[in-house]
Every structure is written in structure tokens, then in C-alpha cells.
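Residue strings, one per chain:
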Amino acid sequence: MATLVTGATGFVASNIVRLLIEQGEDVVAFDIVPPSDLLLNYIKPWAGRVTFIQGDILNRTDLEMTREHGITKIVHAAVFTGILPHIESGRSKDIVEINMMGTSNVLELARLLSVERFIYVSSGSVYGDDHSDPVLTEASMPRPHTLYAVTKYASELVTRRYGELHHFPTVSVRLGTPFGPMERVTDHRVNQSLLKDWTGSIVKGLPIKVGDQSVERTFTYVLDIAGGVCAVVNSPFLSYDLYNVSTGDKTSLKHIIHVLSELYPDLQVLDSADLGPPPGGTNFMKSDRLVTDLGFSPQYDLRSAIKEYLGWRRANDFEE
């Protein structure tokens, strides 16, 4: 028995792969991009549990290559995160095609395999950036605007109905804003997190630039994101077909700088009055279902997450 993870060499998915194999599961890692040395080193202690298959989710023949590996569950995380305006306008068709038709192809594979569970990896972006609910729960009405958010929400609906029609269990997980190991610029993910930019400056010995330090954002360490997803993958029973995965905590940029300064007393901070607020809305997601239904709790606070992340960066000479 094995779990298929699509988009497996990407940022969040590679951490899902790592946690699954660390927990003793066999994984078939499917992606259009082959595993990099950075990824192979990241999963090295458990590499014997991973089978990498290079292929395109838009090509059903490529997906067919996975059928001989005893797949019982699918985590569909492959996506085009075309959030930046110039990418959304310049590659609109690609965003829709990859995120919608790719999902339908993986769902068809799930039908052929009669999987025990299909997990669709969605995004908190489906709630929109200006939601009227200050705290976002699974009961909050989706308000997607960008093509990325629209295709994520539409894929949730298609996933649910496909499972109903073809009699296999489905569930969607909406992820909060992740940061941590394996975040890097790729052809399908150019936008990067604020903490990736700041930690990159630190490992290069450069000052960080910040505008209004009172601005609050929600950040979740990617291994806590992966932990929440894996809890959904492996739970014997799910009470819901939708779960938010986030720390549910807002943090001011001032507090983040305070933590960074404690860890690195020589840190230089440049005040840039003309620097606008970082991406992301003022709302934040709660993951009460994940906690109450599955007993999941994050393993990292901000300090321990940043410390581990910077340790990973330095160990791998990752200055991007």
C-alpha cells in the first residue's frame, strides 16, 4: 500500500512526502519536475520509502504509470500558484488548465484505483483577502477572486462531487500561509513568503527591510502544515470533508523582528517608510476542526520554527 502525492517536489508537497515517509509510509512522488539534490538530501534518512515518477498531471498516460504501485490514497497537491498579477494575466490559460483539468485527471485516476481516500490540497485564498469574517473557519463563505483562488475553490467542489458519483471518500484541506524548508522559486510558484525573504537576507549577512511594523499576518511553519495534512490522510475516520490547516495565530512584523533579533543579535533592520505591507489579508484562519476532530496540535512556535528553518538554510548553503 502506498500514498500518491502529486506535485511532490514542490514546497508544501515535499514536506508532506517527508512527514509521511518519516511516519513509516510508502509514497509515490509524482511531479513534472524531477527531485533536486536539495530535496533528496531533505528526505535522505527515509529515501527508501519513496518512488519518484516524473510526469505531467495534464497527461493521463503519465498518471497511468502510478497504477502498478499499490496506491490506496492520493494527496493531490500539484498546482500552478499564479498569484502575482503579471503571471495571472500572462498565463491565465495555464493556471486554469493545470489547476482544473489536472485535478480532473487525478480524480479519474482515483476512480480507476477505487482509493480509500482522496485529499485535495486547497488554499485559504478561497476566502479572499477582504472577508467580512475577521476569523475564518470552515463555515465562512468562500469569496475567491484571483484565478488561483477561483480554481482552488472550483476544484474543491469538483472533488466532492466526483467522489459522490464514483463512491470514494474525498476531503479538502485549506492551507494557511506556509514558510520553511524547500520554499524556492519554480516555474509554477514565483511568489515567496516574507519569512523566506527575511531569512534569506540573514544567511547572506544583509539587513532586512520593513515598513509598518504593526502590520499583522498569519504564518505557519510548513512542517506543521504537513502535519495537519498527514493527520487528515491517516485518520481512521473524518467527521468533515473540509479542514482548515493553520496555526490560527496572527503575528505582528514587530514581534517577528523581535524573535529574529533574539536569535541573531547582530541583525540589522532598515525602516523603509515607502515599503508597503506584505501580501495577505488581515483575516486569519482557525483550525478548530483539525484540533477537535483529529486531536492535532502544531509542534512549532514562531521562535522554534524560525530557528530550525535558518538551521536548515545554513546546513544546505541555501541563500535564495
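Refer to the structure above for everything that follows.
Thresholds, definitions, all that
- Residues numbered from 1 in each chain as written.
- Predicted model: local features only at pLDDT ≥ 70, side-chain atom pairs only at ≥ 80, totals over all residues.
- Heavy atoms only, no water.
- Phe/Tyr/Trp six-rings, centres within 6.5 Å; stacked < 30°, edge-to-face > 60°.
- Helix = DSSP H or I, 4+ residues; strand = E, 2+ residues; numbered from the N terminus.
- Buried < 20%, exposed > 50% of the residue type's maximum accessible area, 1.4 Å probe, protein only.
- Polar contact = N/O pair within 3.5 Å; in protein donor to acceptor, adjacent residues only side chain to side chain.
- Contact = heavy atoms within 4.5 Å.
- 1 Å grid on protein atoms, 1.4 Å probe; cavity = no way out; pocket = protein on both sides within 12 Å on 5 of 7 lines; lining within 4 Å.
- Points joined across faces, edges and corners; volume = space filled by probe spheres on them.
- Nonpolar A, V, L, I, M, F, W, Y, C, P; charged D, E, K, R; others polar.

(A) Summary view of the packing of aromatic side chains. Scanning the model with the defined rule gives eight aromatic pairs in all. Ring plane angle 20° and centroid distance 6.3 Å describe the contact between Tyr309 and Trp312, whose orientation is recorded as stacked. Of this pair, Tyr309 and Trp312 are both found in helix H11 (residues 302–315), three residues apart, which corresponds to roughly one turn of the helix. Tyr309 sits in the buried class, given a relative accessible area of 0%. An aromatic cluster is built from Tyr42, Phe179, Tyr221, Tyr300, Tyr309, Trp312 and Phe318, whose rings are joined through pairwise contacts.

(B) Quick look at the side chain of Glu156. In this structure, Glu156 sits in helix H6 (residues 147–166). For Glu156, a relative accessible area of 3% puts it in the buried group. A distance of 2.7 Å separates a polar atom in the side chain of Glu156 from a polar atom in the side chain of Arg174. Glu156 has contacts with Tyr120, Ser122, Val126, Ser172, Arg174 and Leu242, leaving out every residue within four places of it along the chain.

(C) Broad picture of helix H7 (residues 194–203). Burial analysis of H7 places nine of its 10 residues in the buried class, the great majority of the element. At its buried positions, H7 is contacted by strand E8 (178–179), strand E9 (208–210), helix H9 (253–263) and H11. Of the residues trailing H7, Gly205 is marked for its positive phi of about 75°.

(D) How the structure looks around the environment of Arg289. Among the structural elements, Arg289 can be located in helix H10 (residues 288–294). Since its relative accessible area comes to 21%, Arg289 is described here as partly exposed. With near-sequence residues (within four places) excluded, Arg289 lies in contact with Glu138, Tyr240, Leu242, Tyr243 and Leu294. Within the local environment of Arg289, its side chain forms a polar contact with the backbone oxygen of Leu242, the two atoms lying 2.9 Å apart.

(E) Looking closely at the layout of surface pockets. Computed from the structure, the second largest pocket encloses a volume of approximately 190 Å³. For the second largest pocket, the lining is made up of 14 residues, of which Phe219, Thr247, Tyr300, Asp301 and Leu302 are closest to its centre. At the level of elements, strand E11 (220–221) and H11 are the ones that each hand at least two residues to the lining of the second largest pocket. Counted by class, the lining of the second largest pocket contains seven nonpolar, three polar and four charged residues.

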